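These are the residues of each chain, in order.
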Amino acid sequence: MSGILLKNCAAVVVDDGNGATCLRDVDLLTDGAEIKAIGPNLDATGLPENTVVRDASGWFVYPGLVNTHHHFFQTFVRNRADLDWTKLSVIEWLDMIYPIFSRLTEECFYHSSVTAMAELIKHGCTTAMDHQYCFPRHAGKGLVDRQFEAAELLGMRFHAGRGCNTLPKSEGSTIPDAMRETTDEFISDCERLIDAYHDPAPFSMRQVVVAPCQPVNCYKETFVESVALARDKGVMMHTHVGEGESPVIEARTGLRTVDYCEDIGFAGPDAFYAHCWELSHDELRKMAASGTGVSHCPEPVYLVGEEVTDIPAMQALGVRIGLGADGAASNDNSNLMHCIHSGYMLQCLVAASRAHPVPEPAAFLDYASKGGASLLGRKDIGRLAPGMAADLFAIDSRRMEYVGTRHDPISLIPKVGIGTNTDMTMINGEIVWENGVFTRVDEAEIFEGAEKALATLDGN
């Protein structure tokens, strides 16, 4: 792999580990998968003759975004006016949407993953963790394998969250029997995937996360066995917590979800939870003390309408925070960049009612980059500095929508928002999206493939 030299960048958002700063009028040089240097007047001395040079005049260059919670398969259930959170209870909504999910085929899972990852890349996301918990029996056990195939096609750095649901409806879950697995099935397939794909080396493009869907839809043994496997294999753990289920868990077990997970051992620096909007400050303190992280998904807040997640309290109490786009069941796009803006604006909306002040706009960019890397247990991604992975995106700031904003590139995305695709997205030192074109695939072809797979779902 050759190097890439970005010349005359208007701004590069760098971080030596002590917080983001902005360097003006500098160059950025990559060498294979890593960043070689950032500074003025760089040249390609010592690199191969085929080093690519790009004129980056006017470009703002940012660390690649790290998406820590998604459900790619839900991309095939988008823009459904009949699935209306404003008119349905959560149980009514689940009863409507799970039968749709249960009809997905292996090809649907593959093409929905391509669709979601392609949209993420267009908006600056370079690493994605997908929480794939939907395993209809007719679709087989190769669904995560197909996701790795999709990631390879596009050049995405991919963490596969192998999920499951094990509790039957007869015992209080919302899961159709056709989508339910046993704990043994789940643990066995997690072990297979870890052995086949998980790569803990620096600049790894493939990792596996043990991710039972949620305590409310799983037997306790599922979580107990998940902890044992994850700790034995040295991989991360993930699940849904604090998404309205705590009263149900408490009625079943006598413990709210955070205490339930801690009691099992599903907590610590190797664990992170999605959502967490209903948690008390005491529960957040427990998570901070254990090192358990939160993948905050801002856009579902619009639809659920229960409560704006208390990010200021999480920040003040020391909880590790990343951002997630979430799936199309509660967010009809796969645009993590937009979530940075949504996340900041939602906190501003309720600032007067919070005990802690809204974090600075720069913090929200940090959640989507360095914070996400922390949740995934990665020290090689999430910030721009020599020796880090060459994961980045660039925005040409010479547009009318950025007049008056260019003095502060770090706050631009949280405060103003980015309404266009990136001008370039680079993953692992490779330009995978530039000037509106994917470099590895023909967008028309992958669009046609996705539409053809989608058409197999009668009534979609």
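Please refer to the structure higher up on the page.
Keep in mind that what you see is a predicted model, and the values were worked out from it rather than measured.

Trainee: Explain the pairing of strand β9 (residues 206-210) to me, and be specific about the residues and the numbers.
Mentor: Within β9, four of the five residues are buried, leaving the element largely enclosed by the surrounding structure. Strand direction decides the pairing type here: strand β8 (residues 157-162) and β9, joined by five bridges, are parallel. Paired with Ala 160 across the bridge in β9 is Val 208. The parallel pair β8 and β9 is bridged by helix α4 (residues 183-197), and the resulting crossover is right-handed.

Trainee: Can you tell me about the environment of Met 337, naming the residues and giving the values?
Mentor: Within the secondary structure, Met 337 sits in helix α11 (residues 336-349). The class of Met 337 is buried, set by a relative accessible area of 2%. In sequence terms Met 337 and Ala 385 are 48 residues apart; their C-alpha atoms lie 21 Å from each other. In this view, Met 337 contacts Leu 65, His 123, Gly 124, Phe 393, Ile 413, Ile 418 and Thr 422; residues no more than four positions away in its chain are not counted.

Trainee: An account of the pattern of salt bridges is requested, with residue identities and associated values reported.
Mentor: Counted according to the given criterion, the structure contains 29 salt bridges. Linking Arg 378 and Asp 380 is a salt bridge whose minimum nitrogen-to-oxygen distance equals 2.9 Å. As far as burial versus exposure is concerned, Arg 378 and Asp 380 are alike and both buried.

Trainee: Can you explain the pairing of β8? Please cite residues and give values.
Mentor: Summarising burial for β8: six of the six residues are buried, a large majority. Here β8 shows no split at all, with Arg 157, His 159 and Gly 161 on one side and Phe 158, Ala 160 and Arg 162 on the other all buried. For the segment spanning strand β7 (residues 125-132), helix α3 (residues 143-154) and β8, crossover handedness is right-handed.

Trainee: Give me the nonpolar core: which residues, what numbers.
Mentor: Note that soluble globular proteins tend to have their nonpolar side chains buried in a common cluster. Tyr 62, Leu 65, Phe 101 and Leu 154 are the most contacted members of the largest nonpolar core, which totals 113 residues. When residues in this core are grouped by element, the largest group, nine residues, is from helix α2 (residues 106-122). Residues within four places of Phe 101 in sequence aside, it is in contact with Phe 73, Gln 74, Val 77, Tyr 133, Cys 134, Pro 136, Met 179 and Ala 329. Counting 19 residues, the second largest nonpolar core, distinct from the first, contains Val 26, Ile 38, Trp 59 and Met 424.

Trainee: Lay out the packing of α4 against helix α5 (residues 220-233) with the relevant residues and their values.
Mentor: Contact geometry of α4 with α5 gives a least axis separation of 10 Å together with a crossing angle of 20°. One finds that α4 runs roughly parallel with respect to α5. Here α4 and α5 pass one another in a crossing that is right-handed. Contacts between α4 and α5 pair Thr 183, Phe 186, Ile 187, Cys 190, Glu 191, Ile 194 and Asp 195 from the former with Glu 221, Thr 222, Glu 225, Ser 226, Leu 229 and Lys 233 from the latter. In terms of residue class, the contact of α4 with α5 is made up of five nonpolar, three polar and five charged.

The rules behind the values
- Residues numbered from 1 in each chain as written.
- Predicted model: local features only at pLDDT ≥ 70, side-chain atom pairs only at ≥ 80, totals over all residues.
- Heavy atoms only, no water.
- Buried < 20%, exposed > 50% of the residue type's maximum accessible area, 1.4 Å probe, protein only.
- Helix = DSSP H or I, 4+ residues; strand = E, 2+ residues; numbered from the N terminus.
- Pairing = 2+ DSSP bridges.
- Right-handed = clockwise from strand over helix to strand, strands pointing away.
- Contact = heavy atoms within 4.5 Å.
- Salt bridge = Lys/Arg side-chain N within 4 Å of Asp/Glu carboxyl O.
- Core = buried A, V, L, I, M, F, W, Y, C linked by side-chain atoms within 4.5 Å.
- Axes fitted to C-alpha atoms, helices over the stretch in contact; angles between N-to-C directions.
- Parallel < 35°, antiparallel > 145°, perpendicular 65-115°, else oblique.
- Left-handed = near helix turned anticlockwise from the far one by under 90°.
- Nonpolar A, V, L, I, M, F, W, Y, C, P; charged D, E, K, R; others polar.

Nothing here speaks to function; it is geometry throughout.
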